[in-house]
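# A closer look at the structure
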Amino acid sequence: MALTNFILTVAAVGAGVLLFTTDIRKSATLFRRNARQLRQWLEEDTASAASKSAKEAAPKKVDSTAPKDKD
């Protein structure tokens, strides 16, 4: 009886470890994929914001017909 309980316990623990290991691998793969996608989105957003701010920071032309102050 004790031997049967031991064998069932070892089998249950082994099955649990196998399932957890597989689940951890899948979770890690999914996390890496999500992290890669988030990094790509952040880089695109940063590049978009940088180009937008560069366009806004362009020097403005001064109207040359404006009257000048006489000193």
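Now for a description of the structure that goes with this document.

Criteria and cut-off values
- Residues numbered from 1 in each chain as written.
- Predicted model: local features only at pLDDT ≥ 70, side-chain atom pairs only at ≥ 80, totals over all residues.
- Heavy atoms only, no water.
- Helix = DSSP H or I, 4+ residues; strand = E, 2+ residues; numbered from the N terminus.
- Buried < 20%, exposed > 50% of the residue type's maximum accessible area, 1.4 Å probe, protein only.
- Areas by Shrake-Rupley, 256 points an atom, 1.4 Å probe, with all protein chains shown as cover.
- Patch = residues over 30% accessible without salt bridge, like charges linked within 9 Å, V, L, I, M, F, W, Y side chains within 5 Å.
- Salt bridge = Lys/Arg side-chain N within 4 Å of Asp/Glu carboxyl O.
- Lys, Arg positive; Asp, Glu negative; His and termini not counted.
- Charge placed at Lys NZ, Arg CZ, Asp CG, Glu CD.
- Polar contact = N/O pair within 3.5 Å; in protein donor to acceptor, adjacent residues only side chain to side chain.

Per the secondary structure count, the protein chain includes one helix and zero strands. The proportion of buried residues among the 71 residues of the protein chain is 0%. When the accessible surface of the protein chain is summed, it comes to about 7,200 Å², and 64% of that surface belongs to carbon and sulfur atoms.

On the surface, a cluster of nonpolar side chains totalling about 430 Å² of accessible area is made up of Leu-3, Phe-6, Ile-7 and Val-10. Assignment of secondary structure puts Ile-7 in helix α1 (residues 2-56).

Here we take up a positive patch on the surface. Together, Arg-32, Arg-33, Arg-36 and Arg-39 make up a region of like positive charge exposed at the surface. Among the secondary structure elements, Arg-32 is positioned in helix α1.

What follows deals with the environment of Thr-22. Within the secondary structure, Thr-22 is located in helix α1. A residue is classified by how much of its surface remains accessible, and Thr-22, at 31% relative accessible area, is partly exposed. Within the structure, the side chain of Thr-22 is placed 2.9 Å from the backbone oxygen of Leu-18, a separation counted as a polar contact.

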